[in-house]
Amino acid sequence: MSNTINEEQKSSLHWQKVSPWALLYFVVYFSVRFVKDGLLNLLPMLVVFVTQVENKLFWAQVAGGAAFISLLVYSFLYYLNFRFCISDDHEILLNKGVFKKERLTLKFGRVQNVNIAEPFYFTPVSLVNCIFDAAGSVSQEVVLPGVTKDYAQQMRKQIFAFKALQQNEDEQPALSEADLAENSLRISNKEIAKFGLMSNMAILAIAALAPFINVFIDFLEQKIIYKVEGFYQQELGMLANAATFAMITLIVMLVLMAVLLSVTMSLIRFYNFELYFKGQKFKRIAGLLERHQLSMSMDKVQSIVIKQNLMGRLLKRFTVECLQTSSGGIAAGVAAKKNKQTLVLPVLNSEQVDSVCQWIYPWFNSKKLLFKQAERALLYKNLGFYAVLPSVVVLLVCYLGEFNYWLSLGAFVIFTGLVSLSYQRYGYYLHEDNGRFYMVVRRGMIGVHYRVFELYKAQSARSISTYLMRRAGLESLYIQLASGQAFMPYIKKQDADFIIDFTLYQAESSNRSWM
Amino acid sequence: MFKNQQIMDLPTHSAISFMPLADKALLHKQLNWLAFYIPLIGVLIALCYFNEAFANNAQTHLLIGMPILIAVSMLYNMVNIRLQGFAVREHDVAFKKGVIWRQVTILPLARVQHMEIHQGPIERKLDLASIKLFSAGGVSADLQIGGLTHADCKNMRQFVQNYRQEDTNSRAEFINE
């Protein structure tokens, strides 16, 4: 993006304003930003207010009213200054800002995705937000709020047509008939609810409540625990264990609430999930409060992750993620996820996983992947470090604390089981299909995690070995991708060297764009 | 299933002949460690001077332990620097390092997003520098090579900047090298 524009262009530009309904978007947008960013900055003032001010209710009303009016005025001024235009040079130009005026220029060629979001407050007036994603980061995003759906779709077509034209000039292979056939997948809301059980959203929700946990516990103690305890004492006559039962009841209730919250959050995010795949492009529509339409070109996908945690195993469901570039490390990766740039297929059964993966990689069949496992030396090393050593520590604790020595045997059995499971999960599989080379790396313990990627997308390759590994002719292998890392420990040196050399050969000799 | 088809002579990274770091790289490393040890020794001397109980308990141990610790770390640095090496090939940069965990990292030039050259005060005095090469997706620099001469760093930066995949030889020629 640049912020310059020449004078000649300026005169011929046709600047447009967004619909007045976009004011609603700005009010919601700045409210959310105020809550997310502003409240933390106002915390010192809040402390002064709570400790020093006497007539709290009156002044809180005054401050709240002033904040609300400021928000409305600022949003209105922002709306007045918000203008956009599509230049003849295939650029989106945007004028925005109140105190600090900004002009953004986003070239069509740099647009990664055009997403269409339908917030609930735009539904009665049939308007949408058209989101142009430049590089998978929040800061490089242009949003045109309150435009018609037709206009947004026309913009998307125009940009993708321009990009296709550019790519054809770069000698992109023509799409086959199979590529142009449309595949679709719908996930029922009942299945989406299962994602709430599988995901860690409940933990995130609890983490968000962490600052208020003391207040919450005090409240529970005063209002609920005593009452539940009283109930057990009076109604059921359990005098001795009433307090314990009250505590257990409370914990069960909290867990149920967390699960309910998690399910609700999943439904808000993935409600009425629809996925389409045509011409090497994904289109996903989902969301309860905001129908978010995400489009993603396959060549932007750096790797595909298929994962299943403990709950997923019980429910026999997987989650599939199509990851884009997350340049800048973990923070950018998290930002990309937050910004909904990662295509998440929340709940799929194994047949659906195969079916969706086959849209992208026709060769993919999870049951026919013949993984090459890590060497047994990994099992012996991990048993030593993660089973025997911790068990010896437990034995020492039992000896010093005069606990039952059988505890250490129990710990040894559990640790050995987990180490063995983890060892068995490690595996890699290389595949050639129509002159393209792919790698699937598997890891896990109780759950399982697969990463599928095309070798030429690798960013760098690394081998690691210790003295004992070198003596046994072994190496561990890392392949850095633009969206994470593939790791395969303890494989034969000749295999690791071959994979590194071949990956480098693919990355260095391919003229195809990796990003 | 993967077919390991013959693709003539695949360039092998195990055959790379790595160049050693600059002559003054070891001196830089030792000075860096001394810059850590000297203030530490100063703090311990001050502690012994002002705290008699601490001095009585720890003085003998410190008098024996500190020289051994410094000697071991100096020896470790010698081995560490000797085991490090870098190589710039036509299409990638390779770097090996590590005493206990030996690592070889290879970064294709076509994947380099940006570079940084860093020179600290000791490095400036010794005319050394370190170069960091970043690719997409990495948490920090994918490749960080310290202990190079400043001129080597600038040459490497220029080489990487000038690299354009399409300018290099065609795929077939590349394989046949």
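Values in this document were obtained by computation on a predicted structure and should not be read as measured data. Counting restarts for each chain: residues are numbered from 1 in the order of the written sequence. In the order they appear in the text, chains get letters beginning with A and ligands get numbers beginning with 1. Under the rules for a predicted model, residues below a pLDDT of 70 receive no local features and side-chain atom pairs below 80 are neither given nor counted, while totals for whole chains, interfaces and linings still include all residues. Calculated side-chain values reflect all of the structure's heavy atoms, with hydrogen atoms and water omitted.

Trainee: Looking at this structure, I do not really get the overall build of chain B. What am I missing?
Mentor: Think of it this way: any DSSP run of H or I at least four residues long counts as a helix, any run of E at least two long counts as a strand, and we number them from the N terminus. On a plain count of helices and strands, chain B comes out with 5 helices and 6 strands. Starting at the N terminus, the α and β elements of chain B follow one another as α-α-β-β-β-β-α-β-β-α-α. Using a 1.4 Å probe on the protein chains alone, a residue whose accessible area is under 20% of its type maximum counts as buried, one over 50% counts as exposed, and one in between counts as partly exposed. The buried share among the 177 residues of chain B stands at 39%. Contact criterion: two residues are considered in contact whenever any of their non-hydrogen atoms come within 4.5 Å of each other. Here the analysis covers contacts within chain B between residues at least 6 apart in sequence; of these, 52% occur between residues at least 24 apart. Methods summary: accessible areas were calculated by the Shrake-Rupley approach with a probe of 1.4 Å, and residue burial reflects only the protein chains presented. Entry remark: accessible area of chain B is about 10,500 Å², with carbon and sulfur atoms responsible for 59%.

Trainee: Quick question: what am I supposed to make of the packing of aromatic side chains here?
Mentor: Geometry of an aromatic ring pair is reported as the spacing of the ring centres plus the angle between the planes. Residue and element names in this part refer to chain A. Here a Phe, Tyr or Trp ring, Trp counted by its six-membered ring, pairs with any other such ring whose centre lies within 6.5 Å, and the pair is stacked when the planes are under 30 degrees apart, edge-to-face when over 60, and tilted otherwise. Using the criterion set out here, one finds 36 aromatic pairs over all chains in the structure. Judged by centre distance (5.5 Å) and plane angle (15 degrees), the rings of Phe 498 and Phe 502 are stacked. Here Phe 502 and Phe 498 lie together in helix α17 (residues 493-509), a separation of 4 residues that amounts to about one turn. Each member of the aromatic cluster is reached from another via a ring pair, and the members are Tyr 25, Phe 26, Tyr 29, Phe 30, Tyr 74, Tyr 78, Phe 82 and Phe 99. For the cation-ring pair, Arg 442 lies above Phe 371, with the distance from its terminal atom to the ring centre recorded as 4.4 Å. Working rule: Lys NZ or Arg CZ, within 6 Å of ring centre, within 35 degrees of ring normal, means a charge sits over the ring. A cation over an aromatic ring shows up here: Arg 462 above the ring of Tyr 478, its NZ or CZ 4.6 Å from the ring centre.

Trainee: Please explain the sheet that holds strand β5 (residues 128-134) of chain B as it appears in this structure.
Mentor: Each strand in a sheet pairs with another by means of backbone hydrogen bonds, the pair being arranged parallel or else antiparallel. Residue and element names in this part refer to chain B. The sheet built from 3 strands is open, its strands ordered β4-β5-β6 with antiparallel pairing. Looking at the sheet topology across the chains shown, the edges are occupied by β4 (114-118) and β6 (143-149). Put simply, the sheet's adjacent strands are angled 20 degrees from each other on average, direction ignored. Think of it this way: DSSP has to see at least two bridges between two strands before they count as a pair. Throughout, an axis means a line fitted to C-alpha atoms (over the contacting stretch in the case of helices), and angles, computed between N-to-C directions, take values from 0 to 180 degrees.

Trainee: Hey, could you run me through the pairing of strand β7 (residues 141-148) of chain A in this one?
Mentor: The two faces of the sheet receive side chains in turn, since in a regular strand these alternate between them. Residue and element names in this part refer to chain A. β7 sits mainly inside the fold: 7 of its 8 residues count as buried. Of the strand pairs in this sheet, strand β6 (residues 127-133) and β7 are connected by 6 bridges, and their pairing is antiparallel. Note on β7: the bridge partner recorded for Ile 131 is Val 143.

Trainee: Which parts of the structure should I look at to understand the packing of helix α1 (residues 25-50) of chain B against helix α2 (residues 52-83) of chain B?
Mentor: Where α1 of chain B contacts α2 of chain B, the axes come no closer than 10 Å and their chain directions differ by 175 degrees. As the angle between them shows, α1 of chain B and α2 of chain B are arranged roughly antiparallel. By the definition adopted for this analysis, an angle is roughly parallel if under 35 degrees, roughly antiparallel if over 145, roughly perpendicular if from 65 to 115, and oblique otherwise.

Trainee: I keep staring at the domain arrangement of chain B and nothing clicks. Help me out?
Mentor: Accessible area lost when the parts come together is the quantity often used to give the size of an interface. All names here are of chain B. All domain edges in this entry derive from an automatic or database-based domain assignment. Its domain assignment divides chain B into domain 1 (25-81) and domain 2 (85-166). For domain 1 versus domain 2, the distance between C-alpha centres works out to 31 Å. Across the boundary between the two partners, domain 1 contributes 8 residues, which contact 7 residues of domain 2. Carbon and sulfur atoms supply 78% of the area that domain 1 and domain 2 bury against each other, a total of about 650 Å² over both sides. In short, buried area is how much 1.4 Å probe accessible area vanishes from two parts on joining, totalled over both. Sorting the residues of domain 1 by area buried against domain 2 places Ala 25, His 28 and Tyr 76 first, and these three jointly supply 58% of that buried surface.

Trainee: Would you mind going over the packing of helix α2 (residues 22-41) of chain A against helix α4 (residues 56-81) of chain A with me for this structure?
Mentor: Pairs of packed helices are described in terms of their axes, by the angle between the two and the distance that separates them. All names here are of chain A. Relative orientation of the contacting elements α2 and α4 amounts to 125 degrees, with a least axis distance of 9 Å. Overall, the two elements α2 and α4 adopt an arrangement that is oblique. Considering how the two elements wind past one another, α2 and α4 form a crossing that is right-handed. In contact with Leu 23, Phe 26, Val 27, Phe 30 and Ser 31 of α2, α4 contributes Leu 71, Leu 72, Tyr 74, Ser 75, Phe 76, Tyr 78 and Tyr 79. Any residue that is not Ala, Val, Leu, Ile, Met, Phe, Trp, Tyr, Cys, Pro, Asp, Glu, Lys or Arg is counted as polar, Gly included; the first ten are nonpolar and the last four charged. Its residues assigned to classes, the contact of α2 with α4 comprises 10 nonpolar, 2 polar and no charged. For any pair of crossing helices, the crossing counts as left-handed if the nearer helix is rotated counterclockwise from the farther one by less than a right angle, and right-handed if it is rotated clockwise.

Trainee: It is not clear to me how the nonpolar core should be interpreted in this structure. Could you clarify?
Mentor: The nonpolar side chains of soluble globular proteins are, as a tendency, buried together. With 41 residues, the main nonpolar core has Phe 282, Ile 304, Ile 306 and Trp 363 of chain A as its most contacted residues. Among buried residues, those of type Ala, Val, Leu, Ile, Met, Phe, Trp, Tyr and Cys that are joined through side-chain atoms within 4.5 Å constitute a nonpolar core. The next biggest cluster of nonpolar side chains, apart from the first, holds 38 residues, and it includes Val 98, Leu 104, Val 111 and Met 155 of chain A.

Trainee: Looking at this model, I keep getting lost on helix α15 (residues 406-425) of chain A. Mind explaining?
Mentor: Note that an α-helix has 3.6 residues per turn; residues three or four places apart therefore point the same way. Residues and elements named next belong to chain A. Helix span, expected: 1.5 Å multiplied by one less than the number of residues in the helix. With 20 residues, α15 extends 29 Å between its outermost C-alpha atoms, agreeing within 8% with the 28 Å of an ideal straight helix rising 1.5 Å per residue. Considered for burial, the residues of α15 that qualify are Ser 408, Ala 411, Val 419, Ser 422, Tyr 423 and Arg 425. Seen end-on, α15 carries its buried residues on one side only, within an arc spanning 160 degrees. Of the exposed residues in α15, those oriented more than 90 degrees away from the buried face are Trp 406, Val 413 and Ile 414. The inward-facing, buried residues of α15 contact α11 (310-315), β15 (372-373), α14 (376-401), β16 (427-433), β17 (436-444) and β18 (448-454). The arc in question is the one traced by the directions running from the helix axis out to the C-beta atoms.

Trainee: Looking at this structure, how should I read a nonpolar patch on the surface?
Mentor: Residue and element names in this part refer to chain A. Any residue with relative accessible area above 30% and no salt bridge may belong to a patch, with like charges joined within 9 Å and the nonpolar Val, Leu, Ile, Met, Phe, Trp and Tyr side chains within 5 Å. We define a salt bridge as a contact between a side-chain nitrogen of Lys or Arg and a carboxyl oxygen of Asp or Glu at a distance within 4 Å. Judged by side-chain polarity, Leu 197, Met 247, Ile 251, Val 255, Val 259, Leu 310, Met 311, Leu 314, Leu 421, Met 445 and Ile 446 come together as a nonpolar surface patch covering roughly 910 Å² of accessible area. Counting residues per element, the ones that place at least two in the nonpolar patch are α10 (242-270) and α11. Counting residues per element, the nonpolar patch draws most heavily on α10, which supplies 4 residues. Positionally, Val 259 belongs in helix α10.

Trainee: Looking at this structure, how should I read the pattern of salt bridges?
Mentor: Two side chains with opposite charge may pair up if their charged atoms get near one another. All names here are of chain A. Inspection of every chain in the model, using the stated rule, returns 16 salt bridges over all chains. Measuring nitrogen to oxygen at the nearest pair gives 3.7 Å for the salt bridge that ties Lys 107 to Glu 91. On the criterion of sequence distance, the pair formed by Lys 107 in strand β4 (residues 102-107) and Glu 91 in strand β3 (residues 91-96) is long-range, its members being 16 residues apart. Its relative accessible area of 45% is what places Lys 107 among the partly exposed residues. Here Lys 493 ties to Glu 475 by a salt bridge, and the two come within 3.6 Å at their closest N and O atoms. Taken together, the residues span a long stretch of sequence, with Lys 493 in helix α17 and Glu 475 in strand β20 (residues 474-481) at a distance of 18 residues.

Trainee: Help me understand the confidence of the model for chain A, please; the structure alone is not making it clear to me.
Mentor: If pLDDT is low for a region, its predicted coordinates should not be looked at in detail. Scored between 0 and 100, pLDDT is the confidence that the predictor attaches to each residue. The share of residues in chain A with pLDDT of 70 or more is 86%, and the mean pLDDT across the chain is 83. Contacts for the low-pLDDT stretch residues 1-9 of chain A, under 50 throughout, to residues beyond four places or in other chains number 19 contacts.

Trainee: Before we go on, may I ask you to explain the sheet that holds strand β12 (residues 303-308) of chain A in this structure?
Mentor: Residue and element names in this part refer to chain A. Pairing is antiparallel in the open sheet, where 7 strands are placed in the order β14-β13-β12-β18-β17-β16-β15. Each edge of the sheet is formed by a strand with only one pairing partner; in this case those strands are β14 (343-348) and β15. Taken together, the 4 bridges between strand β13 (residues 318-323) and β14 define a ladder with antiparallel strand orientation. Among the inter-strand pairings, Phe 318 is bridged to a residue of β14, identified as Leu 348.

Trainee: Mind showing me how you'd approach the domain arrangement of chain A here?
Mentor: Residue and element names in this part refer to chain A. With domains assigned, chain A is organised as domain 1 (7-174), domain 2 (301-373 + 426-509) and domain 3 (376-424). Taken over C-alpha atoms, the centre of domain 2 sits 30 Å from the centre of domain 3. With 9 residues of domain 2 at the interface, the matching set in domain 3 holds 8 residues. Buried surface at the junction of domain 2 and domain 3, both sides included, amounts to about 810 Å², of which 63% is carbon and sulfur. Taken as a group, Tyr 426, Met 445 and Tyr 490 account for 63% of the area that domain 2 buries against domain 3, more than any other trio of residues on that side. What qualifies as a polar contact is a pair of N or O atoms within 3.5 Å, subject to a donor-acceptor requirement within protein and to the restriction that residues adjacent in sequence count only when both atoms come from side chains. Linking domain 2 with domain 3 are 4 residue pairs in polar contact (both at pLDDT 80 or more), by the criterion used here.

Trainee: Can you walk me through the environment of Gly 146 of chain A in this structure?
Mentor: Residue and element names in this part refer to chain A. Mapped onto the secondary structure, Gly 146 falls in strand β7. Along the backbone, Gly 146 and Val 128 are 18 residues apart, and their C-alpha atoms lie at a distance of 5.3 Å. Gly 146 has contacts with Ser 19, Ala 22, Phe 122, Leu 127, Val 128 and Asn 129, leaving out every residue within four places of it along the chain.

Trainee: In this structure, what is going on with the pairing of β12 of chain A? I would like to understand it.
Mentor: Residue and element names in this part refer to chain A. Burial runs high along β12: 5 of the 6 residues are buried. Here β12 pairs with β13 via 5 bridges, running antiparallel. Paired with Ile 304 across the bridge in β13 is Cys 322. Looking at chain direction, β12 and β18 are connected through 5 bridges and run antiparallel. Bridge assignment links Val 305 to a residue of β18, and that residue is Arg 451.

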